[in-house]
Amino acid sequence: MINTFHSNHGPTGYIALDHTQQLIVLTFRGTVSESDGNTDLDIVLTPIDDVCTGCKAHLGFWVYWSDVASQASIQLRNATTAYPGYKLNVVGHSLGGGIAALAGTVLRTQGFILDIVSKATPTS
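Summary of the structure given here.

Cut-offs applied
- Residues numbered from 1 in each chain as written.
- Predicted model: local features only at pLDDT ≥ 70, side-chain atom pairs only at ≥ 80, totals over all residues.
- Heavy atoms only, no water.
- Phe/Tyr/Trp six-rings, centres within 6.5 Å; stacked < 30°, edge-to-face > 60°.
- Helix = DSSP H or I, 4+ residues; strand = E, 2+ residues; numbered from the N terminus.
- Buried < 20%, exposed > 50% of the residue type's maximum accessible area, 1.4 Å probe, protein only.
- Disulfide = S-S within 2.5 Å.
- Pairing = 2+ DSSP bridges.

With respect to the packing of aromatic side chains
Argument step 1. Considering all chains together, one arrives at two aromatic pairs under this definition.
Argument step 2. Arranged with centres 6.1 Å apart and planes meeting at 80°, the rings of Phe-28 and Trp-65 form a pair that is edge-to-face. Note that Phe-28 is positioned in strand β3 (residues 23–28) and Trp-65 in helix α2 (residues 59–82), a separation of 37 residues in sequence. Each member of the pair, Phe-28 as well as Trp-65, carries the same accessibility label: buried.
Argument step 3. Both rings, one in Tyr-83 and one in Tyr-86, keep their centres 4.9 Å apart while their planes meet at 40°; by these two values the pair is tilted.
Argument step 4. Looking at Tyr-83, the relative accessible area reads 26%, which means it is partly exposed.

Shown next, in the form of structure tokens:
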């Protein structure tokens, strides 16, 4: 089972099942377009007090997550209900790593138990 979700920026990520490892994986892709590059550069900090009091997040990443949060949360709730023994991992690379970190944090406040794995691309 793979469920994709989309933002205003285009395809964003998907939820997949790994029956061998008993994992549900929420994944976010890295930068692939000019729009994504603009999201990466939107570094103004924005308050996210509904997640944690006094916390701030990278505005571009926050807007990106906010665009897909409802879709992803519903799909994750369905997957974790269907596979209650499976572990949940939230993963991403580059742009997706930033989104994964925010998404995982928000999802934890919604009661999901999960691991966050993000990978940034090193610069030279």
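Having seen the structure, we can now continue with the description.
Remarks on the pairing of β3
Argument step 1. By the criterion of burial, β3 is predominantly enclosed, with six of the six residues buried.
Argument step 2. On β3, burial covers both faces: Leu-23, Val-25 and Thr-27 on one face and Ile-24, Leu-26 and Phe-28 on the other are all buried.

Regarding the state of the cysteines
Argument step 1. One pass over the structure, following the stated rule, counts one disulfide.
Argument step 2. The disulfide that involves Cys-52 links it to Cys-55, with 1.7 Å between the sulfurs. Across the S-S bond of Cys-52 and Cys-55 the torsion is about -125°, and the bridge reads as left-handed.
Argument step 3. Here Cys-55 falls in the partly exposed class, since its relative accessible area comes to 24%.

Looking at the pairing of strand β6 (residues 87–93)
Argument step 1. A large share of β6 lies buried, amounting to five of its seven residues.
Argument step 2. Of the strand pairs in this sheet, β3 and β6 are connected by six bridges, and their pairing is parallel. By the bridge assignment, Leu-26 is partnered in β6 with Val-90.

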